[in-house]
Amino acid sequence: AMARFPFVKPLETFDFAYQPSIDKRQVLTLASCHYIEHGDNVIVLGPPGVGKTHLAVSLGIKAIEAGYRVLFTSAAQLIATLTKALAEGRLDEKLKLYTTPRLLIIDEIGYLPIERIGANLFFQLISRRYERGPMILTSNQSFGAWGEVFGDRVIATAILDRLLHHAVTLNIRGNSYRLKEKLKSGLVR
Ligand code: ADP
Ligand code: MG
């Protein structure tokens with residue numbers, strides 16, 4: 001409950017056979033949580049429905065089981081919270097909310113365009129956690145498109161520079177799991 005996951009699905013429920021572009025051994029290594037001790041980030045990229053949120057949640061559950069404090073948020077939620085806090089003069093207080101958990105999971109970078117102020121606040125958070133607090137991030141957009149996502153190539157580059165300095169990237173290329181059953185039943189072709 002502490003972590004605010006959108007759903008609770010342990011890694012054991014993830015069907016690796018359906019998504020061969022994912023290196024199962026790499027994910028099992030991440031499940032051991034060494035990346036948290038090293039302060040490494042995990043970035044999960046891929047189109048909708050391929051299991052990015054599922055993997056982020058599953059790794060979050062592993063981290064909780066290992067005793068770490070974990071917070072899960074969407075990028076939109078995080079930016080809305082920080083933007084409101086800035087307007088209310090409580091930015092420092094709210095930034096602490098996102099810097100104190102040992103592992104911060106930021107889901108769905110790229111689904112919604114980010115305003116300039118939001119991009120700046122996101123950069124501030126990434127800078128504060130840089131080389132201190134590991135993160136798991138998911139995005140439907142390749143790194144090359146993050147300039148458009150953040151509406152500013154310079155800020156996107158600065159964000160990526162810090163994120164990728166110590167990071168593992170999982171690139172998922174495959175079909176949406178959401179369409180799996182429909183494909184099977186012939187409803188979609
Ligand atoms: P994404 O975040 O990439 O859009 P999700 O992680 O939300 O996709 O996955 C969509 C749905 O399909 C979720 O209910 C998720 O649990 C399920 N799912 C996706 N990939 C797998 C998989 N390989 N094995 C089991 N369930 C999966
Ligand atoms: Mg998702």
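So, how was this worked out
Residues numbered from 1 in each chain as written. Chains lettered and ligands numbered in written order. Predicted model: local features only at pLDDT ≥ 70, side-chain atom pairs only at ≥ 80, totals over all residues. Heavy atoms only, no water. 1 Å grid on protein atoms, 1.4 Å probe; cavity = no way out; pocket = protein on both sides within 12 Å on 5 of 7 lines; lining within 4 Å. Points joined across faces, edges and corners; volume = space filled by probe spheres on them. Helix = DSSP H or I, 4+ residues; strand = E, 2+ residues; numbered from the N terminus. Salt bridge = Lys/Arg side-chain N within 4 Å of Asp/Glu carboxyl O. Nonpolar A, V, L, I, M, F, W, Y, C, P; charged D, E, K, R; others polar. Near = heavy atom within 4 Å. Polar contact = N/O pair within 3.5 Å; in protein donor to acceptor, adjacent residues only side chain to side chain. Areas by Shrake-Rupley, 256 points an atom, 1.4 Å probe, with all protein chains shown as cover. Sits in = over half its atoms within 2 Å of the grid points.

J.: Account for empty space enclosed by the protein, with residues named and values stated.
T.: Applying the stated criterion across every chain, the model contains one cavity of 30 Å³ or more. Space inside the largest cavity adds up to approximately 60 Å³. What lines the largest cavity is simply Gly39, Asn41, Ile126, Arg129, Tyr130, Glu131, Gly133, Met135, Arg162, Leu163 and His166. Contributions of two or more residues to the lining of the largest cavity are made by helix 6 (116-129) and helix 8 (153-165).

J.: Which residues make up the pattern of salt bridges, and what values go with them?
T.: In this structure the tally under the stated criterion is eight salt bridges. A salt bridge links Glu37 to Arg102, with the nearest nitrogen and oxygen atoms 3.9 Å apart. Taken together, the residues Glu37 in helix 2 (residues 34-38) and Arg102 in the loop between helix 5 (91-99) and strand 3 (103-109) connect sequence positions 65 residues apart.

J.: Go over the layout of surface pockets with me, naming the residues and quoting the values.
T.: Here the largest pocket is characterised by a volume of approximately 560 Å³. Every residue lining the largest pocket is counted, 27 residues in all, and those nearest its centre are Phe7, Gly51, Thr53, His54 and Arg178. Taken together, the elements giving at least two residues each to the lining of the largest pocket come down to helix 3 (52-65), strand 2 (70-74), strand 3 and strand 4 (135-139). Looking at the lining of the largest pocket residue by residue, the class counts come to nine nonpolar, 11 polar and seven charged. Quantified by volume, the second largest pocket comes out at close to 180 Å³. If you go around the second largest pocket, you meet 15 residues; those closest to its centre are Ala76, Ile79, Leu112, Pro113 and Ile114. Those elements that place two or more of their residues in the lining of the second largest pocket are helix 4 (75-87), strand 3 and helix 6. Broken down by element, the residue count for the lining of the second largest pocket peaks at four residues, all from helix 4. For the lining of the second largest pocket, the residue count by class is nine nonpolar, four polar and two charged.

J.: An account of the site of ligand 1 is requested, with residue identities and associated values reported.
T.: Near ligand 1 you find 14 residues, and of these Lys9, Asp15, Gly49, Lys52 and His54 are the closest. Note that a nitrogen atom of ligand 1 is positioned 2.8 Å from one of the backbone N or O atoms of Asp15. For ligand 1, the accessible surface in isolation is 550 Å², of which the surrounding protein chains cover 89%. A molecule is said to occupy a pocket when more than half its atoms come within 2 Å of that pocket's grid points, and by this definition ligand 1 occupies the largest pocket. Here the shell around ligand 1 is built from residues that sort into five nonpolar, five polar and four charged.

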